[in-house]
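Chain residues, written in single-letter form:
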Amino acid sequence: MESATTEQPLAELQLPHLPLDSTDFAADPMRYILAARATHPWLATSDFGYVVHEYAAMKDLFRHEDGNMRVPLDGVADILDVRDTPWGRFMNEQVLNLHGPAHQQLRAIVAPMFTPRRANERRELMREKMRVLLDEWVPKGAFDFEEFASYYPISVMCALIGAPGEVIPKIRDSLEALGVALSMDPKTIPLFQRAMLLMDEFVIDLVARRRAGERTTAVADLLDALIEATGQGLMSERQLYDMLINLFVAGYDTSKNVMTLTMHALLQRPDVYAQCAEDLEYCKLVIEESLRYRSSTSLLRELTADVSYRDVLLPAGTLLWFTNPVIGRDPDAFPDPERFDPWRKDPNRHSAFGLGAHICLGQFIARAQIQEGFHLLAQRVRNPRQTGPVGYRPFMGAGGLKGLPIAFDPAPAG
Ligand code: HEM
């Protein structure tokens, strides 16, 4: 992978430029990527750092994770000049921004709470949350799918930690605000600062109530496990609050965007959509293919040492965006990538949940909730068709659709 031959300094390369923050790019990134590949196979520039858009380059460079590469969320706070604010502190101290032993220790404490078995045990709870939503929304016969989908991951997360349903609308607004923070638009700063304070109040209150004996179910849940770890001195009080906020922040717009992007893709494939209603196992394959086909989350890294890769010298301090939403369409990794095929047997796995040390902690919860949710949804929301134009969220961070108006044939609960 790496070479000892003459390396070209990064600054001297002729690289294509990608307008990562433009709506046109968010709407059709592949158009730009295909043009960029003609100039350079794996690297481009942007106003926000370099862009890696090839699967093999992403995989190779991620071998430097926790050695020569780190998550620079504190740097994002610096760019926005908000380091000493509640949001800046959270960006700096949250699990995604921790490195080396500090990250490994925290991850080791919480990982047993997020295994496939733990996620599978909560599938009935996930189905229950989707049924409640469908009972409320299906009689309308038409709605904005993105809005509908936004309530599902919050409802599931609230149920997983025993938070009362009344908080959902308030949390949803906060998560929407926090979700755009990585778009690095200074105009959004007051919004996400306010949202941060609200999320803080919410989790501090939730923990205090649980400690005082208030609970919504008799079954021990994720909140109990996190409080217990804190009681044993494995996590600090602040880490407990940050982890709870993180579960909402990391799981909200990612899950909602993947659901909306999946629905958007399946509007072109009514056969696939209809089969999701019939067969949960098939639906699982569809969700996996959707994660490859058009995922939501790009990953940001900063090199902490010089790295040479394919004869290019990438100096310490280089910011790299790994553009997952298009990396799943790399033809060298995924043959015939434009074909949406739930049965595909690619030699590579998609990287929608990231790679390396920070690979998504909630990936099994995410998969289980989207699989169960889509299976039930396809049974009740029959023959969906798009009734208006879609918008696009900023590509950086968690991208996806902004609005997906659909009409459909309502079906009663089975
Ligand atoms: C389809 C939905 C989801 C997608 C596509 C997704 C994607 C990702 C990606 C790409 C990363 C790595 C980011 C990086 O390395 O820079 C990540 C990390 C993370 N995700 Fe998810 N995620 C999803 C749902 C969830 C859910 C539901 C939860 C919580 C239950 C969650 C919790 C986390 C956490 C805590 C991290 C940070 C892990 C660490 O730093 O060690 N995610 N996610």
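Per an unreviewed UniProt entry, the chain is named Cytochrome P450, and its organism is Mangrovimicrobium sediminis. Reading the Cofactor (unreviewed entry) entry of the UniProt record for the chain gives the comment "heme".

Attention shifts here to the overall build of the chain. A tally of helices and strands in the chain yields 17 helices and 13 strands. Seen through its principal axes, the chain has C-alpha atoms that stretch 65 × 50 × 40 Å. Counting the 414 residues in the chain, one finds 56% classified as buried. Counted over contacts in the chain with a minimum sequence separation of 6, partners at least 24 positions apart contribute 72%. Summing over all exposed atoms, the chain offers an accessible surface of approximately 17200 Å²; the carbon and sulfur share of this is 55%.

This part covers the coordination of the iron atom of the ligand. Any two of four tetrahedral donors ideally make an angle of 109.5 degrees at the metal, while pairs among six octahedral donors ideally make 90 or 180 degrees. Here the protein supplies the iron atom of the ligand with just one donor, Cys360 (SG), and that contact is 2.3 Å long. Mapped onto the fold, Cys360 is located in the loop between α16 (324–327) and α17 (363–380).

Tallying each qualifying case throughout the model produces 42 salt bridges. Salt-bridge contacts for Glu146 lead to Arg393; the nearest nitrogen and oxygen are separated by 2.6 Å. You can see Glu146 sitting in helix α9 (residues 145–160) and its partner Arg393 sitting in the loop between β11 (391–392) and β12 (401–402), a full 247 residues away along the chain. Take Glu146 and Arg393: they sit in the same class, and that class is buried.

This brings us to the site of the ligand. The immediate surroundings of the ligand are formed by 25 residues, with His103, Arg107, Arg301, His358 and Cys360 found nearest. At 2.5 Å from an oxygen atom of the ligand is found a side-chain nitrogen or oxygen belonging to Arg301. Of all the elements, helix α13 (residues 237–266) adds the most residues to the shell around the ligand, at seven residues. Grouping the amino acids of the shell around the ligand by side-chain chemistry returns 14 nonpolar, nine polar and two charged.

As a further point, take the sheet that holds strand β7 (residues 307–309). The three strands are arranged β1-β8-β7 in an open sheet whose pairing can be described as mixed. If you trace the sheet from one side to the other, it starts and ends with β1 (8–9) and β7, each paired once. As paired strands, β1 and strand β8 (residues 312–314) are joined by two bridges and run parallel to one another. Counted as the bridge partner of Pro9 is Leu313 from β8.

Here we have three strands laid out as an open sheet, ordered β5-β13-β10, and antiparallel in their pairing. This sheet does not close on itself; its edge strands, each paired only once, are β5 (142–144) and β10 (381–386). When the angles between neighbouring strand axes are averaged without regard to direction, this sheet yields 30°. Two elements, β5 and strand β13 (residues 405–410), share three bridges in a ladder whose sense is antiparallel. The residue bridging Ala142 from the neighbouring strand is Ala407, located in β13.

Criteria and thresholds
Residues numbered from 1 in each chain as written. Predicted model: local features only at pLDDT ≥ 70, side-chain atom pairs only at ≥ 80, totals over all residues. Heavy atoms only, no water. UniProt positions renumbered as here; feature names shortened; annotations may be inferred. Helix = DSSP H or I, 4+ residues; strand = E, 2+ residues; numbered from the N terminus. Buried < 20%, exposed > 50% of the residue type's maximum accessible area, 1.4 Å probe, protein only. Contact = heavy atoms within 4.5 Å. Areas by Shrake-Rupley, 256 points an atom, 1.4 Å probe, with all protein chains shown as cover. Donors = N, O, S within 2.8 Å, 3.2 Å for Na, K, Ca; no water. Salt bridge = Lys/Arg side-chain N within 4 Å of Asp/Glu carboxyl O. Near = heavy atom within 4 Å. Polar contact = N/O pair within 3.5 Å; in protein donor to acceptor, adjacent residues only side chain to side chain. Nonpolar A, V, L, I, M, F, W, Y, C, P; charged D, E, K, R; others polar. Pairing = 2+ DSSP bridges. Axes fitted to C-alpha atoms, helices over the stretch in contact; angles between N-to-C directions.

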